[in-house]
Amino acid sequence: MLEKLRAVENRYDELCARSEQPDFYADPQKAARLLREKNELEPIIGVYRAYQAAEREMGDAQELMAEPDMKELCQESFAAAKAEKEVLYEKLQILLLPKDPNDDKSVIMEIRGGVGGEESALFAHSLFRMYSMYAAKMGWRIELLNYNDTELGGVKEADFIVEGRGAYSRLKYESGVHRVQRVPETESGGRVHTSTATVAVLPEMEEVDVQINPADIEMQVYRSSGAGGQHINKTSSAVRLIHKPTGIVVACQEERSQVQNREKCMRMLASKLYEMEQSRVESEVTGLRRSQVGTGMRNERIRTYNFPQGRVTDHRVGLTLYKIDAVMDGDLDEIINALATADQAEKLKNAK
């Protein structure tokens with residue numbers, strides 16, 4: 001590992017030297033690529049240099065231990081530096097893990113009501129609100145693709161883009177079945193009902209990232225619609241694309257023109273085809289569709305929201321928080337941090 005770190009440090013020093021050259025910005029695209037690489041290496045270099053400093057401190061303390069009047073003080077310094085070095089070593093192991101190439105991408109999210117009728121649709125709406133509030137806290141932008149609501153304010157399906165650097169690195173852990181236990185507003189007897197909604201998270205892909213044969217696509221146009229006459233257009237601007245080889249269907253009705261809706265549909269289709277291919281490759285290599293923690297499959301129950309007890313439990317890491325109102329208002333960092341840490345630990349174990 002130390003050999004690899006020295007190579008990373010040499011590359012970082014080289015990038016620093018090149019960025020100070022007068023002609024560095026002569027090629028803006030190349031300059032941007034090199035600066036991005038330099039910025040990605042900075043966290044590793046910062047921890048590595050702190051690790052080297054702790055190592056030097058250990059050496060200095062060990063030398064001074066030979067002097068009797070300094071022995072006790074130096075033993076304490078040595079122990080503190082050793083503990084610091086061990087912590088930094090663990091951090092470096094994690095920093096050197098292969099990075100998910102999609103982590104910096106925006107995401108396409110799909111929320112569907114599951115088991116539970118109207119209550120599942122209301123819960124799907126609650127999840128859409130939760131992710132919208134989390135995105136706002138992170139400084140990301142929500143862009144609707146397809147939104148079909150119900151008469152009571154629930155959501156049959158909501159497809160949307162969360163646009164922002166690093167969105168996939170945080171939201172990829174949200175794929176799966178979310179379960180809610182609460183008393184529905186329509187329940188007169190006060191009984192707790194259990195309902196579900198499914199969430200899918202895809203890294204946003206452009207058409208250039210995935211090869212799509214135009215002959216494989218069937219395009220249908222229709223008028224956009226919503227409950228109670230909302231979002232209704234007089235022209236057939238909504239677009240549905242069917243990818244004939246795979247049977248994948250995507251739709252977009254939130255824009256006013258067919259051209260814009262088709263463009264967004266193509267991005268959705270590219271993302272779905274990419275996910276399908278990645279899943280196939282992962283299945284062949286590991287025999288598993290997903291990593292143990294990673295992004296859960298859509299039929300896996302990943303989290304329970306229990307309103308009567310005010311708790312949220314993520315079943316993958318056994319984390320229970322008694323702050324359901326805060327979570328539903330987009331306070332997701334504690335859960336996502338726990339999932340990311342568990343994911344890193346699993347990858348570290350597999351790398352050894």
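Before any of the text, the structure's been laid out above.
Conventions adopted
- Residues numbered from 1 in each chain as written.
- Predicted model: local features only at pLDDT ≥ 70, side-chain atom pairs only at ≥ 80, totals over all residues.
- Heavy atoms only, no water.
- Pairing = 2+ DSSP bridges.
- Helix = DSSP H or I, 4+ residues; strand = E, 2+ residues; numbered from the N terminus.
- Axes fitted to C-alpha atoms, helices over the stretch in contact; angles between N-to-C directions.
- Salt bridge = Lys/Arg side-chain N within 4 Å of Asp/Glu carboxyl O.
- Buried < 20%, exposed > 50% of the residue type's maximum accessible area, 1.4 Å probe, protein only.

(A) Structural context of the sheet that holds strand β6 (residues 217-222). A sheet is described by the order of its strands in space; here three strands give the open sequence β6-β7-β8, paired in antiparallel fashion. Every interior strand has two partners, whereas the edge strands, β6 and β8 (248-252), have only one. Going across the sheet, the axis of each strand differs from the next one's by a mean of 15 degrees, ignoring polarity. Looking at chain direction, strand β7 (residues 238-243) and β8 are connected through five bridges and run antiparallel.

(B) Local environment of the pairing of strand β3 (residues 155-163). Of the pairings in the sheet, the one linking strand β1 (residues 107-113) to β3 comprises six bridges and is antiparallel in character. Bridged to Arg 112 within β3 is Glu 157. Summarising the sheet, strand β2 (residues 141-149) and β3 pair through eight bridges and their orientation is antiparallel. Paired with Leu 144 across the bridge in β3 is Phe 160. The hairpin formed by β2 and β3 contains five residues between the paired strands, and Gly 153 there has a positive phi angle of roughly 95 degrees.

(C) Seen up close, the pattern of salt bridges. Overall, the coordinates contain 24 salt bridges when judged by the stated rule. Where Arg 182 meets Glu 119, a salt bridge forms, and the shortest distance between an N and an O atom there is 2.5 Å. With Arg 182 in strand β4 (residues 176-182) and Glu 119 in helix α4 (residues 117-138), this pair connects stretches of sequence that are 63 residues apart. Of the two residues examined, Arg 182 and Glu 119, each falls in the buried class. Two residues, Arg 129 and Asp 329, come together in a salt bridge whose shortest N-O distance is 2.9 Å. Residue Arg 129 is found in helix α4, and its partner Asp 329 is found in the loop between α7 (324-328) and α8 (333-351); the two are separated by 200 residues along the sequence. Taking the relative accessible area as the measure of exposure, Arg 129 reaches 37% and is therefore partly exposed. Judged by its relative accessible area of 31%, Asp 329 is partly exposed. A cluster of three or more residues bridged by salt bridges with shared partners is formed by Arg 11, Glu 14, Arg 18 and Glu 37.

(D) View of the sheet that holds strand β10 (residues 311-314). If you trace the eight strands from one edge of the open sheet to the other, you get β2-β3-β1-β5-β4-β9-β10-β11, paired in mixed fashion. The open sheet has two free edges, formed respectively by β2 and β11 (319-321), since each of these has just one partner strand. Adjacent strand axes in the sheet meet at a mean angle of 15 degrees, parallel and antiparallel pairs treated alike. Pairing analysis gives seven bridges linking β4 to strand β5 (residues 193-203), with the strands arranged antiparallel. Among the inter-strand pairings, His 178 is bridged to a residue of β5, identified as Ala 197.

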